[in-house]
Structures are given as structure tokens and as C-alpha cells.
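Each chain, letter by letter, is given below.
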2 protein chains.
Amino acid sequence: MDTGARPAPREYGEGLWRHYGEEDLPAPLAAALAAFAEHGYHGTSVRDIAARAGLSVPGLYHHYPSKQSLLQGLLELTMSDLLGRSRAALEQAGGSPVERFDAVVESLLLFHMYRRAQAFVGSTEIRSLEPVFRVEYIATRDEQQRMVDAIVQAGVDSGEFRTPHPVDAGRAVTTMCVGVSTWYRPSGRLGPDELVARYLLIARQMVGYFDAAS
Amino acid sequence: MDTGARPAPREYGEGLWRHYGEEDLPAPLAAALAAFAEHGYHGTSVRDIAARAGLSVPGLYHHYPSKQSLLQGLLELTMSDLLGRSRAALEQAGGSPVERFDAVVESLLLFHMYRRAQAFVGSTEIRSLEPVFRVEYIATRDEQQRMVDAIVQAGVDSGEFRTPHPVDAGRAVTTMCVGVSTWYRPSGRLGPDELVARYLLIARQMVGYFDAAS
């Protein structure tokens, strides 16, 4: 059993940023994710997490010395997966602002469709992070936002995007994509490809890329 | 001290749906809100809530016989306030789809700017509701979405809104407005009026009301 060695950052070959298999978190983090998603950080004990992971409490502490280190490890992996996929999507996209915009929006959408539990714990347990790591975590999240902002600004500069408020439009696009994790269900009305196609259209309208919407 | 009599539904005279003063929840619900927002439902005890409310545990139980009834009472008031404000906004709006759309979007935005703690507990503790009430709660939330859906569809029927996917656009608009509660701070870059004005513009673009964006 993988009892918790920190995984190396993933690499995403051509198109692999779109691929979501089963979770492959280290067992203690998978157990912490399930427990935090169900009962919240403050409603979960280290004993609960050890039991879910099939480990003794000392065995769990060997890799993660506290409940806080489990939350930090989980959120660290969550953000590095999201950022890694967004960066890969951008590297593999064409050079025009609309191609780059579509790539980063699609990467945000897919992550929030397929990693709903992580997205939920990531957004609800910021309150439970110790201050120093909380600052780091928010900085990483801001980096994701700046990736979107830079593309929207490039589209405005090139005249392709006609929003008068690029910063607000970029934030609204991110908020919409993140929010998909709160209601998306694989069994829902739209298949994932159709949902992505429709949301890409809506996102383009939000930044004033009107040609695509006519 | 108001120890918990259930308040009657509020009435919102002309423009009052836009007015947000201090919270005026019954003391036990105000205490439950603060505790749930800080530590989550499962991380909070009835004793914590009683202490925050300045009540004895038996005094708290007199009005709310369980922690679950506190959560239910809180979410019931939250949804009836949100729905009451949205209905008032619609009743007081002009008759055109875009006027009605602006009214309901503004009511959603303001609620999620000024009632962030309720919005947070409402979205994060659905998991903690007992099944029967959970079904009722989700039905009320769906009613709010149907209000948006009906207006977007009316706009498409009249030719004012040119989205090819009214249901998806309506859901995306709601998701964006709800998500404002996750990042809005009164001390932020934009004042509330400016933020509402910019988001109304973005929301109109999402449903394909292009005239407003040019």
C-alpha cells in the first residue's frame, strides 16, 4: 500500500490534461479527502482518517504528523494538479487569445467536473488552514486567476475581446467554472463534452468575443 | 432577548429588497450561523451554540430541540429571505425581459455580497441536512433557479436574448452570482454599486443580450 510518500508533480503529455481517471491520491490523503468532504475538517478525527485508510494512528502519523498536515498535503496536491493541467493546456494551445482562453477555461471546467470532492474541500476548508499555509494556498489560487487575467487582457489588447472590464470578466469566468463543481453530476442532462462546448460559448460571451455567439 | 420565536416572512416595500442592514436573526440562529461558518456543522456542539447565544443548553433546547433544527431553521430563513427579495425585485421591475432579468440578477448578487456567511453555510452544509428537509431545501433552491429560467426563456421568446442554450445560460448566471459570496469583500477594489453594474453587464452578455454590451 502507498502509505503517503509525496508524489512528484505530474506531467501532462499532448491532451493528457483532459484525461481524468480514478483518483490516485496516497491512501492517507484519499481517506482525509473522504472524511473532510463528509464531515468537515473540524468534524473529523485523525482516528477516523486512519480507519478509512486502513492504517494505525502511528502508521498514519509516520507520514503526516497532524490532521493539519493532511489538509495541507491534500490542498497542495489539488492546486498543483489544477495548475499543472491549466499550464499544460496553455502550452499545447494555439497562439491566439481565443484559443488560449478556450484552453484554460476547458481545463478549469474539467477539473471542477471531475474533482468535485477536492474542489469542495479546497473551497470550504480554507478557514481551517493554519495562517502561513493559508497565505501560500491563496497565492497559488491567485496564480490560476492571473493566468486567466493575462489571456483576457491579451484578447482585449488584440481587439478580439470587447469587454470593457477585463478583470471583472476574468474573475466571473473563473467563478462560473469553479461553481460547476457544486451542481455537476455525471448522470445529468448533458454529457461532459456538450457541457464544455456550451460553457465555452458562454465564457466567450462574457469576455465579449461576440463572433462566436452569433 | 429574542430567544427564538420564528419570525414572520418579511415584506419588502419599494426598493427595500436592495436594503441590507445588520443581520436580525433570532439569537440562537445567529449563534448557530457563526459557529457553523467557523467550524462546520459536525465540528460544532449544541453547547458551543448556547454559549455564543448567551443561553443555557435547556434554554436553547426550548426553542430548537436539536442541532439539526438549528441548521434547518437557519437555512429556511436564508432561503425565504433570498426568495422574498427576488420576488419583490420582480414585482417591482418593469415588464420587459431585460428589466426583469436585471432585477432578479441584482437581487441574487446583493444577497451573495451581503449575506456571505449564510450563503457559505447554505452551500456547504446541505450534506448535513436530514434527508426529508434536504429535499425541501433543494426544492426551494430550484424554485430560485426556475425564476431565472422563466425570465431567460421569455427573453429568448421575445427575441431580446439570443442565447442558443437558455437553460445553461440561466444556470451559469446563477452560479456566477452565488459564487460572488466566495470572494467579495466590502473593502475590495470595487464599491457594491460598481460591482453590481459590471456584473449586470456580464450577465446580459451571458444570455446574449448584445445591445447592452456594445
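Residues numbered from 1 in each chain as written. Chains lettered and ligands numbered in written order. Predicted model: local features only at pLDDT ≥ 70, side-chain atom pairs only at ≥ 80, totals over all residues. Heavy atoms only, no water.

- You'll find chain A entered in an unreviewed UniProt entry as TetR family transcriptional regulator, with Williamsia limnetica given as the organism.

### Looking at the overall build of chain A
Part 1 of the reasoning: Each helix and strand counted, chain A has nine helices and zero strands in total.
Part 2 of the reasoning: The C-alpha radius of gyration computed for chain A amounts to 19 Å, which stays within 12% of the reference 17 Å derived for 214 residues, consistent with globular compactness.
Part 3 of the reasoning: Considering only C-alpha atoms, chain A reaches an extent of 60 × 35 × 30 Å along its principal axes.
Part 4 of the reasoning: Long-range pairs, those at least 24 residues apart, make up 73% of the contacts in chain A with a sequence separation of at least 6. (Helix = DSSP H or I, 4+ residues; strand = E, 2+ residues; numbered from the N terminus. Rg over C-alpha atoms; globule rule 2.2 N^0.38 Å. Contact = heavy atoms within 4.5 Å.)

### Considering the interface of chain B and chain A
Part 1 of the reasoning: On the chain A side, the residues contacting the 35 residues of chain B number 35 residues.
Part 2 of the reasoning: Where chain B abuts chain A, roughly 3,000 Å² becomes buried across the two surfaces, and 61% of that area is made up of carbon and sulfur atoms.
Part 3 of the reasoning: Ranking the residues of chain B by area buried against chain A places Arg127(B), Asp168(B) and Gln205(B) at the top, with a combined share of 19%.
Part 4 of the reasoning: Our count for the chain B to chain A interface comes out at four salt bridges.
Part 5 of the reasoning: In this structure, the salt-bridge partner of Asp168(A) is Arg198(B), at a minimum N-O distance of 2.6 Å.
Part 6 of the reasoning: Linking chain B with chain A are 15 residue pairs in polar contact (both at pLDDT 80 or more), by the criterion used here.
Part 7 of the reasoning: Breaking the side of chain B that touches chain A down by element, the ones donating at least two residues are helix H1 (27–39), helix H6 (116–124), helix H8 (166–183) and helix H9 (192–206) of chain B.
Part 8 of the reasoning: Counting residues per element, the side of chain B that touches chain A draws most heavily on H8(B), at ten residues.
Part 9 of the reasoning: Here the residues of the side of chain B that touches chain A are counted per class, giving 18 nonpolar, eleven polar and six charged. (Buried area = accessible area lost by both parts, 1.4 Å probe. Salt bridge = Lys/Arg side-chain N within 4 Å of Asp/Glu carboxyl O. Polar contact = N/O pair within 3.5 Å; in protein donor to acceptor, adjacent residues only side chain to side chain. Nonpolar A, V, L, I, M, F, W, Y, C, P; charged D, E, K, R; others polar.)

### Considering the UniProt feature "DNA-binding region" (unreviewed entry) in chain A
Part 1 of the reasoning: Mapped onto the present numbering, the UniProt feature "DNA-binding region" (unreviewed entry) falls on residues 45–64 of chain A.
Part 2 of the reasoning: Along residues 45–64 of chain A, the helical share is 75% and the strand share 0%, with 13 Å between the first and last C-alpha atoms. (UniProt positions renumbered as here; feature names shortened; annotations may be inferred.)

### A short note on the packing of H1(B) against helix H2 (residues 46–53) of chain B
Residue and element names in this part refer to chain B.
Part 1 of the reasoning: Remark: H1 packs on H2, axes separated minimally by 8 Å, with the N-to-C direction vectors making an angle of 125°. When the interaxial angle is binned, H1 and H2 end up oblique. For the element pair H1 and H2, the recorded crossing hand is right-handed. In this structure, H1 uses Ala27, Pro28, Ala31, Ala32, Ala34, Ala35, Phe36, Glu38 and His39 to contact H2, whose residues at the interface are Ile49, Arg52 and Ala53.
Part 2 of the reasoning: Grouping the amino acids of the contact of H1 with H2 by side-chain chemistry returns nine nonpolar, one polar and two charged. (Axes fitted to C-alpha atoms, helices over the stretch in contact; angles between N-to-C directions. Parallel < 35°, antiparallel > 145°, perpendicular 65-115°, else oblique. Left-handed = near helix turned anticlockwise from the far one by under 90°.)

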